[in-house]
Amino acid sequence: MDNKTEVREYHYTAKDFASDQDVRWCPGCGDYSILAQVQRSFPEIINKPKENIVWVSGIGCSSRFPYYMNTYGFHGIHGRATAIATGVKIANPELDVWVATGDGDLLSIGGNHFIHTCRKNVDIKIVLFNNRIYGLTKGQYSPTSFKGQVTKTTPFGSVDYPFNPPKLALGAEATFIARSIDKFAKHLQEMIKRAGLHKGTAFLEVFQNCNIFNDGAFDLLTDKDTKDDNVIELKHGEPLIFGKNKDKGIRLEGFNPVVVDLTSGHYSVNDLWVHDEFDPSPARASIIMSFDEREGFPTPIGVFRQIIKETCDEGITRQINEVKAKKGEGSLEKVLYSGNLWEVK
Amino acid sequence: MEQEKDKELLELKEVTIRFAGDSGDGMQLTGTQFSDNTAWVGNDLNTLPDYPAEIRAPAGTIYGVSGFQLHFSSDDIYTPGDQPDVLVAMNPAALKKNLPELKPGGIVIVNSDSFDQRNLSLANYQSNPLEDGSLAGYQVFQVPITSMTQRALEGIKLTPKEISRTKNFFALGLMYWLFNRPLDTTLNWIHQKFAKKPEYIEANEKALKAGYDFGDNTEIFTSRYSVKPAKLEPGVYRNISGNEATALGFLTASVKSGLPLFLGSYPITPASEILQYLSELKSFGVKTFQAEDEIAGITTAIGAAFAGNLAITNTSGPGLSLKSEAIGLAVMTELPIVIIDVQRGGPSTGLPTKTEQADLLQAVFGRNGEAPVCVLAAKTPSHCFDMALEASRIAIKYMTPVILLTDGYIANGSEPWRLPKIDELPEIPVNFVKEKDGYFPYARNEYLARPWAIPGTPNLEHRIGGLEKSNIYGNVSYDPENHHEMVTLRRKKIMNIQNDIPDLEVEGDKDSELLVVGWGGTYGAIKEAVTKAREKGYKIAQIHFCYLYPFPKNTKDILKSYKKILVPEINLGQLAYMIRSEFLVDVIQYNLVRGLPLRVSGILDKIIEVAGGNNGQ
């Protein structure tokens, strides 16, 4: 989704978005990369006065994010970031509202607000910093920790199944769903821009390494020796190909995705599943989202799905305009002095 | 025939009527129709709806009985009346449940058609009270309401069920006849309500008129009654419930402040009507957001306040508990929001449809940390309008959350409201900061309020949140001295509101020994009890709190100048607790927590007991 036709009136640099506060995440934390990629990509997508940007967060390491952005910012309470952001957006639809949140904040204590934000298609951009652990409280398991994961509160391994966040967003009808990884700077920038340009609830999951309490959680996906065989980058209109030598592909056979070997002579690129971001049916996106739950499948990153429908604030504004067109601007006199009136002289 | 129509017309000063029937019988509608009519003919009135939490409890059972009581008079009145003079009972269960409260010798009008074996046994009657003499102490009128309604509606193309549903209007018509009323208000209502359903108009109109004509033609009734208009202050009036007045108050605050109104809300009895009323008002640009839960109700409001709206959230007790943490966030971020708590019976789910005053301490203290907020309470249905305006004014001026307490009784109850002249209502000034010079997020003005700089304002980008902030600059601060200073400042800011609210006014005999002290929705009952005690020759003074935190400035002086202080409350002594701890003044408590408004007679008995048996001399 390039932006070539739009005339750019505002020219910002990454520096314009950096606040004067010292960044205080642990050295080596994946959050630094997310902050850097946001600041780098904003100049390309923010084509309005930067005072119209608001970052909202909840509680957790990720939720310190707004302090480091030189925009309006609101550091909320645990789990409520999407609800606070919803209030900001509805109160002033001119604002670009972004949410920085973590796996505990968004999916555990804030799960209810998250799904309803998606359902209502509130026009906010949610960046989920998913490190599969509670960092700020020092190492308890989170709703995205794996079954069997050993943490401070699961010394014998977690018995819980994790959420698959994109699937949750899809089930809740989010209109833009994407995933990236903290260490893939270019890809992450691209996803931030895509999310920022979407009108409606944009959900971007970022795999983020917590080098203190869950170090290496995504090594398989980021180490140069293993990443190509374990990550597939989704691109609209292109076949699903992965592997060090681009030698593996994914076919869809009925409801079943199948990994095929492109070197065996049985299959060519033409036999592969071609990704369609704008597929009106959520079925295929759901199958892609489940790749990493399947043995032998790569973890997908990129845009899973994007659809366009009326947003929450658009609906509210439309109704107000319709009622005003029909009944005229409200008159306090008329509303107060209505019903069965009588006069005492 | 003509002769028989000449019924005696008796003039009464005041009457209390209770309509009672199955929760599907339309008693609330009948009651509100009679109330609007009563207001329109110029009586002073006060109402008390009393309905079960179940929407349609099994028909005919006692726990499914829904009631509506109204008290009207040619004189000033303040309560819905302790005991009804007239009971309209649509079935045996309604009779059984409500008879014990009827005045001795009172009028009972029953739908005799419903007194069959099945309904009698559902109401746990061993024998038919219409036949066994158990109603001997009352004037009983047996009216076959169901069959008369059916006969009146013969030929109308409606199902038997739909026809049966209009029987409440037959009863209403009969009551209009009995109290010598015009039918206009209800006829107008029928035509508006069913504009697109002519058969409903015909049916309801016929049922209403049939009830009226029945009174005229039957020989059962020998007299009818009339109550002269009350001498109310000159002005234009309408009848209003507390919830509607609350909604209109915030709408008016929005107009007077020039701020768009945002309501974040989750439906909860008995507060939902506020959300319903405001969601109608889109032509004012009012934004109502029905959230996924109570917490989202308030946190969306906090977001909207950050963005520069007049932001409010409404709820009842359990919802206030859920909002506690977020109220703390609004205290910390010093943003103006109003939280309306329409109190109901607690704890937990408690008595959702009943009234209580037991959220006072929760409102004043119920948050983690030192988290002072301003707490206000409305004293009557129409007073909710004034306090909604006042809550908005204080929230904006002091950049603070304000909790407005109403209760199920004044929220659903109604009274005549003398409409304010809109031009005479004061503006609510709003000062958004625009200039970068000297701007700091936590710098303070003379009221200790921090500046309101809203997103969209160039060069004022700043970050706020729930972490402690450094004074003036607003950066996150863990400095011990700063924390102490900020805790102190936040409290001082709230206490400053004392300088900006009216002093308490002593009503009654200022030089008495006994002071009766109330707050919120018990005003009417206390006022009436004090008036009655004074009529009996007792010297009694009364004050009533509408500002609970901070208290008005002259509170201490007043409390210290009376020998005895009586505090009636619908809780176990929450205001009493605050008075004792704040002013080191002891009080005598009168507490009844029945889910119902306090009765005048109960307060009066207590006043006499406390004042001393011989007129307090």
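Residues numbered from 1 in each chain as written. Chains lettered and ligands numbered in written order. Predicted model: local features only at pLDDT ≥ 70, side-chain atom pairs only at ≥ 80, totals over all residues.

## Re the overall build of chain A
When helices and strands are tallied, chain A shows eleven helices and twelve strands. Relative to its length of 345 residues, chain A is compact, with a C-alpha radius of gyration of 23 Å against a globular reference of 20 Å. Dimensions of chain A, computed from the C-alpha atoms along their principal axes, are close to 95 × 45 × 45 Å. Residues counted as buried form 45% of the 345 residues belonging to chain A. Across chain A, contacts joining residues at least 24 apart in sequence account for 65% of those joining residues at least 6 apart. (Helix = DSSP H or I, 4+ residues; strand = E, 2+ residues; numbered from the N terminus. Rg over C-alpha atoms; globule rule 2.2 N^0.38 Å. Buried ≥ 20, exposed ≤ 12 C-beta atoms within 10 Å, placed from the backbone. Contact = placed C-beta atoms within 7 Å.)

## Some thoughts on the overall build of chain B
Regarding its fold elements, chain B presents 20 helices and 23 strands. A compact globule built from 617 residues should have a C-alpha radius of gyration of about 25 Å, and chain B, at 27 Å, falls within 12% of that. Taken along the three principal axes of its C-alpha coordinates, chain B extends 90 × 65 × 45 Å. For chain B, buried positions account for 55% of its 617 residues. Here the contacts in chain B between residues at least 6 apart in sequence split such that 76% fall between residues at least 24 apart.

## A short note on the environment of arginine 594 of chain B
By secondary structure assignment, the location of arginine 594 of chain B is in the loop between strand 23 (588-591) and helix 20 (600-611). In the structure, arginine 594 of chain B is positioned 111 residues away from histidine 483 of chain B in sequence and 43 Å away in space, judged by C-alpha atoms.

## Let's talk about the sheet that holds strand 22 (residues 564-569) of chain B
Residues and elements named next belong to chain B. Strand order in this open sheet of five strands is 18-20-19-22-23, and the pairing throughout is mixed. Two strands lie at the open edges of the sheet, namely strand 18 (507-508) and strand 23, each paired on one side alone. Examined bridge by bridge, strand 18 and strand 20 (residues 540-545) share two bridges and lie antiparallel to one another. Bridge pairing in strand 20 links glycine 508 to alanine 541. Strands in contact with helix 17 (residues 523-535) are strand 18, strand 19 (514-519), strand 20 and strand 22; relative to strand 20, the strand with the most contacts, it is inclined by about 170 degrees. Sitting on the sheet, helix 19 (residues 574-583) is in contact with strand 19, strand 20, strand 22 and strand 23, with an inclination near 145 degrees to strand 22. (Pairing = 2+ DSSP bridges. Axes fitted to C-alpha atoms, helices over the stretch in contact; angles between N-to-C directions.)

## Comments concerning the sheet that holds strand 4 (residues 65-73) of chain B
Residues and elements named next belong to chain B. The strand order across the open sheet formed by six strands is 3-4-2-5-6-7, and the pairing between neighbours is mixed. Taken across any chain shown, the strands that pair with only one partner, and hence form the sheet edges, are strand 3 (44-50) and strand 7 (139-143). This sheet shows a mean twist of 15 degrees between the axes of neighbouring strands, independent of strand direction. Relative to strand 6 (residues 107-111), strand 5 (residues 86-89) runs parallel, the two sharing four bridges. Each residue of the ladder has a partner; that of valine 88, found in strand 6, is isoleucine 109. In this fold helix 1 (residues 27-40) packs onto strand 2 (14-22), strand 3 and strand 4, with an angle of close to 10 degrees to the strand it touches most, strand 4.

## Focus: the domain arrangement of chain B
Interface size is often expressed as the accessible area that is lost when the parts come together. Residue and element names in this part refer to chain B. Each assigned domain of chain B is listed with its residue range as follows: domain 1 (3-227), domain 2 (238-424) and domain 3 (507-611). Here the C-alpha centre of domain 3 lies 26 Å away from the C-alpha centre of domain 2. Taken together, the contact pairs 23 residues of domain 2 with 21 residues of domain 3. Where the side of domain 2 that touches domain 3 is concerned, the elements lending two or more residues are helix 13 (360-365), strand 14 (374-377), strand 15 (401-407) and helix 15 (408-412). For the side of domain 2 that touches domain 3, the element with the highest residue contribution is strand 14, accounting for four residues. Taken together, the residues that form the side of domain 2 that touches domain 3 break down as 14 nonpolar, five polar and four charged. (Domains from an automatic or database assignment. Nonpolar A, V, L, I, M, F, W, Y, C, P; charged D, E, K, R; others polar.)

## Brief notes about the packing of helix 1 of chain B against helix 7 (residues 184-193) of chain B
All names here are of chain B. Contact pair helix 1 / helix 7: the axes reach a minimum separation of 8 Å and the direction vectors enclose 130 degrees. Here helix 1 lies oblique to helix 7, going by the angle between them. Where helix 1 crosses over helix 7, the two elements pack in a sense that is right-handed. Contact residues: helix 1 offers Gln33, Asp36, Asn37 and Trp40, while helix 7 offers Thr185, Thr186 and Trp189. Tallied by class, the residues present in the contact of helix 1 with helix 7 amount to two nonpolar, four polar and one charged. (Parallel < 35°, antiparallel > 145°, perpendicular 65-115°, else oblique. Left-handed = near helix turned anticlockwise from the far one by under 90°.)

## Remarks on the packing of helix 1 of chain B against helix 6 (residues 167-178) of chain B
Residue and element names in this part refer to chain B. For the pair helix 1 and helix 6, interaxial distance at closest approach is 10 Å and the crossing angle is 30 degrees. Put simply, helix 1 runs roughly parallel to helix 6. Crossing hand, helix 1 versus helix 6: right-handed. Of the residues in helix 6, those in contact with Met27, Leu29, Thr30, Gln33, Phe34 and Asn37 of helix 1 are Asn168, Ala171, Leu172, Met175 and Tyr176. Classifying every residue of the contact of helix 1 with helix 6 gives seven nonpolar, four polar and no charged.

## Examining the confidence of the model for chain B
Mean pLDDT over chain B stands at 95; residues scoring 70 or higher make up 98%. Reported for the predicted complex are a pTM of 0.94 and an ipTM of 0.97. (pLDDT = per-residue confidence, 0-100.)

## Looking at the interface of chain A and chain B
At the interface, 50 residues of chain A touch 58 residues of chain B. Of all elements in the fold, only strand 2 (72-75), helix 2 (81-91), helix 4 (111-120), helix 10 (312-327), helix 11 (332-336) and strand 12 (342-344) of chain A reach the threshold of two or more residues within the side of chain A that touches chain B. Among the elements that make up the side of chain A that touches chain B, the one with the highest residue count is helix 2 of chain A (eight residues). Residues of the side of chain A that touches chain B, tallied by class, amount to 24 nonpolar, 17 polar and nine charged. Examined bridge by bridge, strand 12 of chain A and strand 9 (residues 235-241) of chain B share three bridges and lie antiparallel to one another.

## Some thoughts on unusual backbone geometry
With an omega of 0 degrees, the peptide bond running from threonine 269 of chain B to proline 270 of chain B counts as cis. The residue asparagine 121 of chain A is not glycine, and still its phi comes out positive at about 50 degrees. Tracing the chain through its elements places asparagine 121 of chain A in the loop between helix 4 and strand 4 (124-130). Not every positive phi belongs to a glycine, and leucine 584 of chain B is a case in point at roughly 50 degrees. Following the sequence through the fold, leucine 584 of chain B ends up in the loop between helix 19 and strand 23.

## Looking at the environment of phenylalanine 203 of chain A
For phenylalanine 203 of chain A, the location among the structural elements is in strand 6 (residues 202-207). C-alpha of phenylalanine 203 of chain A to C-alpha of isoleucine 177 of chain A: the two residues are 26 residues apart in sequence and 4.9 Å apart in space.

## Thoughts on helix 20 of chain B
All names here are of chain B. End to end, helix 20 covers 16 Å across twelve residues, agreeing with the expected 16 Å (1.5 Å per residue, within 8%). Those residues of helix 20 that sit buried are Val600, Ile603, Leu604, Lys606, Ile607 and Ala611. Each buried residue of helix 20 lies within a common arc of 165 degrees when the element is viewed along its axis, so the set occupies one face. Buried positions along helix 20 lie against strand 19, helix 17, strand 20, strand 22 and strand 23. Within two residues after helix 20, glycine 612 carries a phi angle of roughly 105 degrees, on the positive side. (Expected span 1.5 Å × (residues − 1). Arc of directions from axis to C-beta.)

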